[in-house]
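# Inside the fold
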Amino acid sequence: MIRVRFAPSPTGDLHVGGARTALFNWLYARKHGGTFILRIEDTDGARNTEEASAGILKGLKWLGLDWDEGPEKGGDYGPYYQSQRKHIYDAYLDKLTAMGRTYVEENGAVRFKFSRTAITVHDMVCGDVTFAPTEEPDMTLRRPDGSYIFHFVNVVDDIEMKMTHVFRGEDHLSNTWKHIDLFNAFGATPPTYAHIPLILNSDSSKMSKRDAGSAIEKSYMNGGFLADAVFNYLCLLGWTPRTEAEVLSRETLTSLFEPGEIHSSNARFDMQKCSWFNAQYLRALSPEALFAATRPFLDEAGLKITDEAVAAAAVYSVKEKVSLLTEIPAWVHYFFREDYPYEDEVVTKLKAKPENPALLEAAMKAFATLPDWTELAVHTAIEEAAKGAGVKPGALMPLLRFALSGQSRGPSVSTIAHLIGKESTVQRIQRTLAL
Ligand code: GLU
């Protein structure tokens, strides 16, 4: 039975690197019908905060990385916060002491006697990595103030929680021999490790918490991304599935996941590529789903939605124009207000030709007498008005778009007119003529 865990230290927001670590663990568990555990490594009272823990849970939930055991869920091997497991660490320390593998220093720190043998890590990503017998001083397990160090509690919990595999950041590889030395001392089999390469910025610098695109909540949840798109993009950051396609469902990614295919070189983060994925996912949503995902951003922009069906159709009509949900309000705001502003360029263009007002008036008249207000009827009326005025429909369309939206780009004019209704269409043309 496969058991894997994501073991974040709650020092800040869920970072893209952490999210990808969680994701690889999750994929492996789901692929093999195993168990995915969330363990919060919060033994550093000075740096760990409850707010950070909550943020991590929120980010994981948003990405759909549901855990089988852990905070809020419970499980047979809890508690899942290290700060609540001191009694377990005390018992494990006693075991080591009974085996003669520890000693107490004058200042009260308890140290572990390293075996000082060569240690090999069999890593699913990095292959076999052999560490020569160490010349480092023995490792402190418990500090004079009674708190335990990371390496000790990490190993004790991996033993206690019966972890079979560990996917974690490559930054931990250089210390893994310490972990294996501890596993060996306890007579426990170490888990199979997979150390995942780091994520670099596009300029090859190491990605830090302050870099653009690094924080799941700030950059993605609040930045107009869809969780499925981010999930898909993160999977491909350091792993290339054996398939031609890039846009892949969770199910496909799960079934294709092979730890041996994780790259051993660092991954490079590319915000443009991530946005491209988002655009693909956004365009594939149903009108209802797209509207539901966009709704918080419309509300945030202060747009008053009175008719949800119209609002959903308005949002759907601009889906090809955007990559992020945050871009949508600027494309649709005029569907929800009559006092929309006109782009400067629009006004200049309107006034550039003296025949423009007459063209707009011709269209307005054609609209006013239309018995049905369907997109097709609107479209036909525009064509006829253009014909009557002796111009091509292509000359009238942009003028109408300016009038109905104040913008030079947007969905088709008949879509806009149909959605805002006849009365508003006529009023908007009148308002524009009075400019
Ligand atoms: N708490 C460690 C970290 O956040 C986890 C190490 C591990 O996964 O073993 O880096």
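Cut-offs and rules
- Residues numbered from 1 in each chain as written.
- Predicted model: local features only at pLDDT ≥ 70, side-chain atom pairs only at ≥ 80, totals over all residues.
- Heavy atoms only, no water.
- Helix = DSSP H or I, 4+ residues; strand = E, 2+ residues; numbered from the N terminus.
- Rg over C-alpha atoms; globule rule 2.2 N^0.38 Å.
- Areas by Shrake-Rupley, 256 points an atom, 1.4 Å probe, with all protein chains shown as cover.
- Lys, Arg positive; Asp, Glu negative; His and termini not counted.
- Charge placed at Lys NZ, Arg CZ, Asp CG, Glu CD.
- Core = buried A, V, L, I, M, F, W, Y, C linked by side-chain atoms within 4.5 Å.
- Buried < 20%, exposed > 50% of the residue type's maximum accessible area, 1.4 Å probe, protein only.
- Contact = heavy atoms within 4.5 Å.
- Near = heavy atom within 4 Å.
- Polar contact = N/O pair within 3.5 Å; in protein donor to acceptor, adjacent residues only side chain to side chain.
- Nonpolar A, V, L, I, M, F, W, Y, C, P; charged D, E, K, R; others polar.
- Salt bridge = Lys/Arg side-chain N within 4 Å of Asp/Glu carboxyl O.
- UniProt positions renumbered as here; feature names shortened; annotations may be inferred.
- Axes fitted to C-alpha atoms, helices over the stretch in contact; angles between N-to-C directions.
- Parallel < 35°, antiparallel > 145°, perpendicular 65-115°, else oblique.
- Left-handed = near helix turned anticlockwise from the far one by under 90°.
- Phe/Tyr/Trp six-rings, centres within 6.5 Å; stacked < 30°, edge-to-face > 60°.
- Lys NZ or Arg CZ within 6 Å of the ring centre and 35° of its normal.

## Quick notes on the overall build of the protein
Within the protein, the regular secondary structure consists of 18 helices and 11 strands. For a compact globule of 435 residues, the expected C-alpha radius of gyration is about 22 Å, and the protein comes in at 30 Å, more than 25% above that figure. Overall, the protein is about 100 × 40 × 35 Å in size when its C-alpha atoms are taken along their principal axes. As displayed, the protein has an accessible area near 19600 Å², and 51% of this comes from carbon and sulfur atoms. Looking at charge distribution, the protein has the averaged site of its 47 positive side-chain charges lying 2 Å from that of its 56 negative ones.

## Here we look at the nonpolar core
Core analysis: the largest hydrophobic core is formed by 102 residues, its most contacted members being L27 and F367. Here L27 is in contact with F231, C235, W239, L253, T254 and F257, once residues within four sequence places are set aside. Formed by 29 residues, the second largest nonpolar core is a distinct cluster that contains I88, V110, V156 and V166.

## Overview of the site of the ligand
The ligand sits among R5, A7, P8, S9, E41, F150, N154, R168 and H172. Between the ligand and E41, the relevant distance is 2.7 Å, taken from a nitrogen atom to a side-chain nitrogen or oxygen of the residue. Between the ligand and the protein, one listed contact pairs an oxygen atom with a side-chain N or O atom of R168 at 2.8 Å. About the coverage of the ligand: the protein hides 82% of its 300 Å² of free accessible area. A class-by-class count of the residues in the shell around the ligand yields three nonpolar, three polar and three charged.

## Quick notes on the pattern of salt bridges
When charged atoms on two side chains of opposite charge get close, those side chains can pair. Applying the stated criterion across every chain yields a total of 28 salt bridges. K61 is paired through a salt bridge with E72; the nearest N and O atoms lie 2.9 Å apart. Of this pair, K61 sits in helix α2 (residues 50-63) while E72 is found in the loop between α2 and α3 (86-98), placing the two residues 11 residues apart along the sequence. Accessibility expressed as a relative area gives 46% for K61, which makes it partly exposed. Owing to a relative accessible area of 64%, E72 belongs among the exposed residues under this scheme. With a shortest N-O distance of 2.9 Å, R295 and E308 are connected by a salt bridge. Within this pair, whereas R295 is found in helix α10 (residues 287-300), its partner E308 is found in helix α11 (residues 308-316), the two being separated by 13 residues in sequence. Residues joined in a network through salt bridges with shared partners are R5, R39, E41, R85, D157 and D158.

## A closer look at the UniProt feature "domain: Aminoacyl-tRNA synthetase class I anticodon-binding" (unreviewed entry) in the protein
Per the UniProt record, "domain: Aminoacyl-tRNA synthetase class I anticodon-binding" (unreviewed entry) is found at residues 290-432. Taken end to end, residues 290-432 comprises 66% helix and 0% strand; its first and last C-alpha atoms sit 31 Å apart.

## Details of the packing of helix α15 (residues 375-389) against helix α17 (residues 413-420)
Running from N to C, α15 and α17 cross one another at 125°; their axes reach a closest spacing of 8 Å. As far as their axial angle goes, α17 and α15 are oblique. Classified by chirality, the crossing of α17 by α15 is right-handed. Contacts between α15 and α17 pair E375, V378, H379 and I382 from the former with V413, S414, T415, A417 and H418 from the latter. Classifying every residue of the contact of α15 with α17 gives four nonpolar, four polar and one charged.

## Digging into the packing of aromatic side chains
Applying the stated criterion across every chain yields a total of 19 aromatic pairs. Over the face of the ring belonging to Y92 we find K95, whose NZ or CZ atom lies 4.0 Å from the ring centre. Cation over ring: R431 sits above Y340, and NZ or CZ is 4.6 Å from the ring centre.

## What to know about the environment of A267
Structurally, A267 can be placed in strand β11 (residues 267-268). Look at A267 and you get buried, because its relative accessible area is 6%. Residues A267 and H87, 180 residues apart in the sequence, show an inter-C-alpha distance of 40 Å. Once residues lying within four places of it in the same chain are set aside, the contact partners of A267 are R20, L198, I199, L200, L237 and G238.

## Some thoughts on the packing of helix α4 (residues 150-160) against helix α5 (residues 176-185)
Look at α4 against α5: their axes get within 10 Å of each other, and the N-to-C directions meet at 50°. The angle between α4 and α5 places the two elements in the oblique class. The chirality of how α4 crosses α5 is right-handed. In contact with F150, H151, F152, N154, V155, D158 and I159 of α4, α5 contributes K178, H179, L182 and F183. Residues belonging to the contact of α4 with α5 are distributed by class as follows: six nonpolar, three polar and two charged.

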